[in-house]
Amino acid sequence: MGLTISRAVQWSSDGDQLENSPLNNDILTEILLFTEGFEDRHPQEASIPFCEPLQWNTSLEAADFTSDIYNTRGESAVSLECDDKGRPLLQLSPPAITVHSFYHLSNLLKLSKDKKMKEVWACLEVNREPIKKIFGPISPTIHEGKLFSILHQLDEKLLSIAVRPITREGRLSPAAVNTEVDLLKRENRVLKSVHYTSGLHYAYFPPSPSLLDCRVENSSMTKSEVYKDIVTLLKNQSPHFAAAADEQDFAIQDVPSAKKILHVETVDVEETGQTLKSYDHEEKNVPEKLAWNKPGSRNKKLEPSLKWKNLGLTSFYDEEEEKARRSRESKKSPGPASENKKKANFSGSSLPGCQSSQKTKSPGGADDFSESSSEDEEDEEKPERRAEIPTDLPSEYWQIQKLVKYLKGANQTATVIVLCTLRDFNLVQETCQLAIRDVGGLEVLINLYFKNGYFTLPCSAETIANVAKFRRARRTVRQYGGIKRLVELLDCLPDSVSLSAEQERDADVARCGALALWSCSKSTRNKESIRQAGGIPLLARLLKSSQKNMLIPVVGTLQECASEKSYRIAIQTEGMIEDLVKNLSCDNQELQMHCASAIFKCAEDKHTRDLVRQYDGLKPLVMLLNKAENKQLLAATTGAIWKCSISLENVAKFQEYRALEILVGLLKDQPEEVLVNVVGALGECAQISENLATIRKSGGIQPLVKLLSGTNQALLVNVTKAVGACATDPENMPIIDRLDGVRLLWSLLKNPSPDVQASAAWAICPCIENAKDAGEMVRSFVGGLELIVNLLKSQNKDVLASVCAAIAKIAKDVENLAVISDHGVVPMLANLTNTVDDKLRRYLAEAIACCCMWGSNCVSFGEAGAVAPLVHYLHSKDPLVHQATARALFELSKDPNNCITMHENGVVKLLLIMIGSTDAILQEAAASCVANIRCLALANDKAKNG
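Cut-off values and rules
Residues numbered from 1 in each chain as written. Predicted model: local features only at pLDDT ≥ 70, side-chain atom pairs only at ≥ 80, totals over all residues. Heavy atoms only, no water. Helix = DSSP H or I, 4+ residues; strand = E, 2+ residues; numbered from the N terminus. Buried < 20%, exposed > 50% of the residue type's maximum accessible area, 1.4 Å probe, protein only. Contact = heavy atoms within 4.5 Å. Areas by Shrake-Rupley, 256 points an atom, 1.4 Å probe, with all protein chains shown as cover. Disulfide = S-S within 2.5 Å. Phe/Tyr/Trp six-rings, centres within 6.5 Å; stacked < 30°, edge-to-face > 60°. Lys NZ or Arg CZ within 6 Å of the ring centre and 35° of its normal. Core = buried A, V, L, I, M, F, W, Y, C linked by side-chain atoms within 4.5 Å. Pairing = 2+ DSSP bridges. Axes fitted to C-alpha atoms, helices over the stretch in contact; angles between N-to-C directions. Parallel < 35°, antiparallel > 145°, perpendicular 65-115°, else oblique. Left-handed = near helix turned anticlockwise from the far one by under 90°. Nonpolar A, V, L, I, M, F, W, Y, C, P; charged D, E, K, R; others polar. pLDDT = per-residue confidence, 0-100. Salt bridge = Lys/Arg side-chain N within 4 Å of Asp/Glu carboxyl O. Polar contact = N/O pair within 3.5 Å; in protein donor to acceptor, adjacent residues only side chain to side chain. Expected span 1.5 Å × (residues − 1).

Asker: Looking at this structure, how should I read the overall build of the protein?
Answerer: Check the secondary structure of the protein and you find 52 helices and 11 strands. Classification of the 946 residues of the protein by burial places 53% in the buried group. Partitioning the intrachain contacts of the protein with sequence separation of at least 6 by distance along the chain shows that 72% fall at a separation of at least 24. Accessible area for the protein stands at about 43,000 Å²; split by element, carbon and sulfur atoms hold 50% of it.

As structure tokens, then:
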């Protein structure tokens with residue numbers, strides 16, 4: 001550790017501070033992992049006091065030393081344990097801290113939590129030779145020997161990390177150097193002669209790739225620099241060679257793949273040559289004397305695309321050179337492939353989290369809350385379409401691919417470091433996720449759960465959490481058994497009074513596992529796999545945690561899975577609604593958002609809506625409406641309010657909390673995913689007549705009508721419902737009419753969405769019923785009556801039911817009834833009578849009853865075969881179907897032939913039962929129909945007997 005700190009780490013230019021570099025991060029991460037777990041792995045050695053303490057300025061305070069092995073007084077803290085001189089083995093006098101043993105170093109890091117790396121950095125920055133402080137100037141005693149051996153092993157690991165960045169630039173062996181030199185000596189090359197001597201052999205040099213460097217000796221100091229190859233070394237040392245090489249666009253080709261790096265040291269620098277000594281552990285025949293041609297000679301230029309290509313170093317290429325090569329190749333071969341490259345889209349919309357046209361992705365990546373977000377099984381099994389890799393990918397793409405390749409053959413220590421390095425990248429970016437996916441990294445990460453030891457788990461799970469945003473990646477996790485393994489990680493006790501170091505690690509592992517499950521839960525099959533693996537009770541237990549970083553992925557997973565009915569039931573039965581409601585009042589907006597989203601999806605069920613009210617969750621939801629600047633939170637909150645307002649008891653509470661006025665204020669300048677939910681909530685609240693006046697007085701009708709001209713189908717469905725509800729108030733109807741609301745509703749009957757068509761037709765019904773001159777208003781819509789009659793050809797039952805309801809209202813005006821009769825409304829209605837859908841039966845019967853009022857329509861219905869099916873409607877269990885059917889049969893019974901058909905189908909017995917109903921309308925219609933049939937029967941008997 002002493003050698004690595006003093007020589008291998010990178011210091012700032014003034015030499016006072018550690019440089020913030022990937023290499024230093026790798027080395028310090030290894031030291032952190034080693035020190036933090038030292039007490040658990042080596043308890044005896046951990047208690048050995050240092051010869052001299054390690055001292056540095058800490059960011060910790062006395063309040064951080066919560067363990068019972070420390071005594072705190074004011075701002076100071078000391079360990080209860082002392083050395084043989086009576087000095088505490090740890091002493092804090094802010095900002096200075098003094099530590100005398102690995103036992104307290106290990107405990108200090110555990111207490112540092114998220115400041116661990118900061119403490120290691122500060123300690124090693126001022127203790128550049130910790131080995132000397134630990135053991136002193138004399139050799140270690142027998143008692144200290146094992147500790148020295150352990151630290152020596154750490155030092156070797158750190159050295160291997162220190163040389164790894166150089167090996168990534170390329171690997172050279174003496175054989176590769178010889179080939180390079182041979183190419184330099186060829187005719188018209190810049191190198192003139194080479195002389196060989198025996199190389200020196202250092203037995204102690206580690207059998208891992210070492211350094212290629214050049215050292216220039218002088219009287220005062222040794223200057224050392226690192227070069228990736230001999231050409232670079234020579235160009236740096238000789239201006240003649242550099243000029244010749246630059247003039248000839250020098251490039252090396254036909255060099256075989258290399259496995260080792262040569263360590264060379266320059267002893268003297270001459271204008272005509274360079275003396276090299278070899279420090280290689282395997283081969284000894286290396287070039288010592290190099291001479292080069294004078295500048296000015298001409299040589300053939302090598303193809304730029306061949307630079308280093310044949311060196312076997314293509315996996316360690318320079319990113320800029322690779323970009324240029326790809327760009328040249330794409331220009332040479334235009335065609336479908338290049339067109340695909342141009343069209344390749346790596347925007348957020350290509351991520352699996354993005355939904356259909358009715359769903360949007362909020363800026364932070366959270367799903368739109370206007371409906372559940374989950375890919376179905378069919379989508380998951382579709383082959384994933386991959387765009388051609390574009391030529392302008394950032395360098396991070398190639399760096400990540402290199403790391404994953406190292407990961408495939410790394411040992412445990414290297415694996416941890418690679419994983420930590422991966423976490424330093426912004427894995428939320430799609431290009432970073434693509435890099436892992438394209439190089440087969442997901443399979444490697446999953447396998448790490450079974451092969452590479454305990455400390456790799458959090459890193460692997462967290463990386464999977466980012467990569468599993470791809471559909472194929474989610475499928476791969478499941479197929480490799482990763483779902484079950486991730487669920488197992490959730491088994492921990494995150495909120496015990498005191499946690500051991502192992503339990504704290506378990507909690508962190510559980511958090512990472514929840515993050516990975518959150519990403520994987522986009523898939524319907526993965527949701528089921530999580531449930532089958534026992535994930536629900538474990539998630540319920542973690543939901544009791546008070547740690548925000550634990551709760552966010554847990555609730556995120558639950559809200560994603562809540563699109564499945566089995567999860568919604570489980571969330572109720574496991575008592576999770578109470579925890580979700582409790583966290584609505586926390587101080588973390590992301591957690592609030594996910595809790596509101598989970599309630600939004602679960603509140604489809606009445607029992608859940610009741611539980612939210614019982615646990616006092618409605619008021620916090622209304623309070624969250626004031627955080628309108630956070631659009632994701634606002635979308636989730638308004639979605640939860642929308643679904644909760646389906647219950648009238650909850651609407652009454654929302655009235656009490658004055659939610660309607662706030663919702664009306666949100667009808668302007670909001671994203672569509674918010675508007676969908678706000679309008680949906682207003683539509684549900686309009687079930688109570690008092691709220692219709694509130695919406696009007698709050699100025700809500702005008703923005704609602706304005707939204708009718710939009711294109712978002714989910715929004716149109718909700719706004720038509722809300723406008724229709726407002727139209728049931730006679731005082732609101734003139735405002736809607738004046739704003740041209742009815743015409744806008746009618747135009748939506750042409751919308752391609754059946755849901756929009758149906759919702760518009762339902763809204764038209766109260767508009768016709770409450771308009772002052774409804775008949776004239778309807779006739780003013782050119783082609784409007786023909787349009788609505790033609791919708792009777794729809795295959796959607798809800799469209800048919802709503803259109804039948806609208807036709808029943810239209811037919812109350814005789815002129816309009818005549819027009820729709822001319823458009824063939826009778827045979828179209830008759831064609832629908834064989835339906836078994838009670839909702840359609842009810843409104844179809846009402847339409848038939850109203851249409852019988854014109855001309856020979858009553859006879860035409862009989863001729864079209866509508867009577868017999870209507871009789872069978874009386875077998876329905878829906879009393880509203882009975883009422884509408886009895887009215888239709890009564891109107892149809894005015895034609896003798898229809899009475900005969902009714903009698904033949906047993907209508908009298910059924911109607912006699914209906915006469916005993918408490919429904920006055922049903923009772924009267926049934927009695928009137930029976931009377932008409934009886935009159936016809938008496939007339940027939942009289943005719944026979946006469």
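Asker: Hey, could you run me through the state of the cysteines in this one?
Answerer: Working definition: the covalent bond between the sulfur atoms of two cysteines is a disulfide. One pass over the full model with this rule turns up zero disulfides. Left unpaired, C935 is separated from the closest cysteine sulfur, that of C899, by 9.1 Å.

Asker: I tried to follow the packing of aromatic side chains on my own but got confused; where do I start?
Answerer: Pairs of aromatic rings are described using the distance from one ring centre to the other and the angle between the two planes. Throughout the structure, instances matching the rule amount to 10 aromatic pairs. With centroids separated by 5.5 Å and ring planes inclined at 65°, the aromatic side chains of F135 and F148 adopt a geometry described as edge-to-face. Taken together, the positions of F135 in helix 7 (residues 130-135) and F148 in helix 8 (residues 142-169) put the pair 13 residues apart, joining distant regions of the chain. The exposure class of F135 is buried, given its relative accessible area of 5%. Of the residues examined, F148 reaches a relative accessible area of 37% and is grouped as partly exposed. Centre to centre, the rings of W762 and Y843 are 4.9 Å apart; their planes meet at 70°, and the pair counts as edge-to-face. Pair noted here: W762 is in helix 40 (residues 754-770) and Y843 is in helix 46 (residues 838-851), with a separation of 81 residues, a long-range link. Among the aromatic side chains, those forming a connected cluster through ring pairs are F34, F38, F50 and F102. The ring of W642 carries K643 above its face, with NZ or CZ at 3.9 Å from the centroid.

Asker: I keep staring at the nonpolar core and nothing clicks. Help me out?
Answerer: Grouped burial of nonpolar side chains is what soluble globular proteins tend to show. Of all hydrophobic cores here, the largest spans 209 residues; its most connected members are L704, W746, I820, L829 and F861. Residues within four places of F861 in sequence aside, it is in contact with V826, L829, A830, I848, C851, C852, A866, V867 and L892.

Asker: Explain the sheet that holds strand 2 (residues 70-73) to me, please; I cannot follow it from the model alone.
Answerer: Within a sheet, adjacent strands bond to each other through the backbone by hydrogen bonds, running parallel or antiparallel. Ordered by their spatial adjacency, five strands build an open sheet running 1-5-4-3-2, and the pairing between neighbours is antiparallel. The open sheet has two edge strands with one neighbour each: strand 1 (54-57) and strand 2. Pairwise comparison of adjacent strand axes, ignoring direction, gives a mean angle of 15° for this sheet. Sheet analysis places strand 3 (residues 76-79) next to strand 4 (residues 90-93), joined by two bridges and oriented antiparallel. Bridge pairing in strand 4 places V78 opposite Q91. Here helix 5 (residues 102-112) sits on the sheet in contact with strand 1, strand 2, strand 3, strand 4 and strand 5 (96-99), set at roughly 135° to strand 5.

Asker: How should helix 17 (residues 430-438) be read in this particular structure?
Answerer: Counting buried positions along helix 17 gives eight out of nine residues, so the element sits mostly inside the fold. Once helix 17 finishes, G440 follows within two positions and takes phi at roughly 75°, a positive value.

Asker: What is the right way to read the packing of helix 46 against helix 49 (residues 879-892) from this model?
Answerer: Helices that pack against each other are described as a pair by the angle of their axes relative to one another and the distance between those axes. The contact between helix 46 and helix 49 brings their axes to 8 Å, and the two run at 30°. One element, helix 46, and the other, helix 49, form an angle in the roughly parallel class. Helix-helix and strand crossings are classified by hand; for helix 46 and helix 49 the assignment is left-handed. Along its contact with helix 46, which presents D838, R841, R842, A845, E846, I848, A849 and C850, the element helix 49 presents L880, V881, A884, T885, R887, A888, E891 and L892. Along the lines of polarity and charge, the residues of the contact of helix 46 with helix 49 split into nine nonpolar, one polar and six charged.

Asker: Would you mind showing me how to read the pairing of strand 3 here?
Answerer: Put simply, side chains in a regular strand alternate between the two faces of the sheet. Here strand 3 shows a buried face lined by A77 and S79 and an unburied face lined by S76 and V78. Note that strand 2 and strand 3 share four bridges and pair antiparallel. From the neighbouring strand, Y70 faces strand 3, where its bridge partner is S79.

Asker: What is the right way to read the confidence of the model for the protein from this model?
Answerer: Do not read the fine detail of predicted coordinates wherever pLDDT is low. On average, residues of the protein carry a pLDDT of 77, and 73% of them reach 70 or more. Here residues 196-215 is modelled with pLDDT under 50, and outside its nearest four sequence neighbours on either side it reaches 71 contacts, counting other chains as well. Here residues 328-373 is a poorly scored stretch, pLDDT under 50, and it has 80 contacts once near neighbours within four places are set aside; other chains count.

Asker: Quick question: what am I supposed to make of the pattern of salt bridges here?
Answerer: As a working rule, side chains carrying opposite charge can pair if their charged atoms are close by. Taken as a whole and assessed by the stated rule, the structure comprises 30 salt bridges. Its salt-bridge partner being K132, residue E129 comes within 3.0 Å of it at the nearest N-O pair. Under the relative-accessibility criterion, E129 is labelled partly exposed at 37%. Measuring nitrogen to oxygen at the nearest pair gives 3.3 Å for the salt bridge that ties K809 to E769. You can see K809 sitting in helix 43 (residues 797-810) and its partner E769 sitting in helix 40, a full 40 residues away along the chain.

Asker: Looking at this model, I keep getting lost on the packing of helix 51 (residues 907-915) against helix 52 (residues 920-945). Mind explaining?
Answerer: Two numbers describe how helix 51 lies on helix 52: the axes approach to 8 Å, and their chain directions differ by 145°. Crossing of helix 51 against helix 52: the hand is left-handed. Taken together, the residues of helix 52 that come into contact with helix 51 (itself represented by V907, V908, L911, M914 and I915) are L922, Q923, A926, A927, C929, V930 and I933. Of the residues in the contact of helix 51 with helix 52, the class split is 11 nonpolar, one polar and no charged.

Asker: Explain the side chain of T98 to me, please; I cannot follow it from the model alone.
Answerer: Within the fold, T98 resides in strand 5. Its relative accessible area of 17% is what places T98 among the buried residues. Within the local environment of T98, its side chain forms a polar contact with the side chain of Q55, the two groups lying 3.3 Å apart. In this structure, T98 is in contact with P53, L54, Q55, L89, L90 and Q91, ignoring residues within four places of it in sequence.

Asker: Hey, could you run me through the environment of K619 in this one?
Answerer: For K619, the location among the structural elements is in helix 30 (residues 618-624). Separated by 40 residues in the primary sequence, K619 and A659 have C-alpha atoms spaced 9.1 Å apart.

Asker: So what exactly am I meant to see when it comes to helix 37 (residues 713-726) here?
Answerer: Every α-helix winds through 3.6 residues per turn, so residues three or four apart in the chain are directed the same way. Taking 1.5 Å per residue, 14 residues should reach 20 Å; helix 37 reaches 20 Å between its end C-alpha atoms and fits that length. Taking burial as the measure, the 14 residues of helix 37 include 11 buried ones, the bulk of the element. Between the side-chain oxygen at the start of helix 37 and the backbone nitrogen of A714 there is a gap of 3.0 Å, and the oxygen is on N712.

Asker: Which parts of the structure should I look at to understand the environment of A937?
Answerer: Its place among the elements puts A937 in helix 52. Sequence separation between A937 and H903 is 34 residues, and the spatial gap between their C-alpha atoms is 9.8 Å.

Asker: Just checking my understanding: could you explain the environment of L580 for this structure?
Answerer: Relative to the helices and strands, L580 resides in helix 27 (residues 576-583). Considered as a pair, L580 and Q592 are 12 residues apart in the sequence and their alpha carbons are 8.6 Å apart.

Asker: Looking at this model, I keep getting lost on unusual backbone geometry. Mind explaining?
Answerer: For residues other than glycine, phi is negative in most cases, and the peptide bonds are mostly trans. The omega angle of the peptide bond from P94 to P95 is 0°, so this bond is cis rather than trans. Topologically, P95 is positioned in the loop between strand 4 and strand 5. A positive phi is found at D616, a non-glycine position, where the angle reads about 60°. Tracing the chain through its elements places D616 in the loop between helix 29 (606-614) and helix 30. Backbone geometry at D669 places phi at a positive 60°, although glycine is not the residue there. The topology assignment puts D669 in the loop between helix 33 (659-665) and helix 34 (672-685). Using a relative accessible area of 76% as the deciding quantity, one classes D669 as exposed.

Asker: What's the story with the pairing of strand 5 in this structure? I'm lost.
Answerer: Pairing between strand 1 and strand 5: four bridges, direction antiparallel. Paired with W56 across the strands is I97, a residue of strand 5. Pairing between strand 4 and strand 5: four bridges, direction antiparallel. By the bridge assignment for strand 5, S93 is matched with A96. Between strand 4 and strand 5, which pair antiparallel one after the other, the connecting turn spans two residues.

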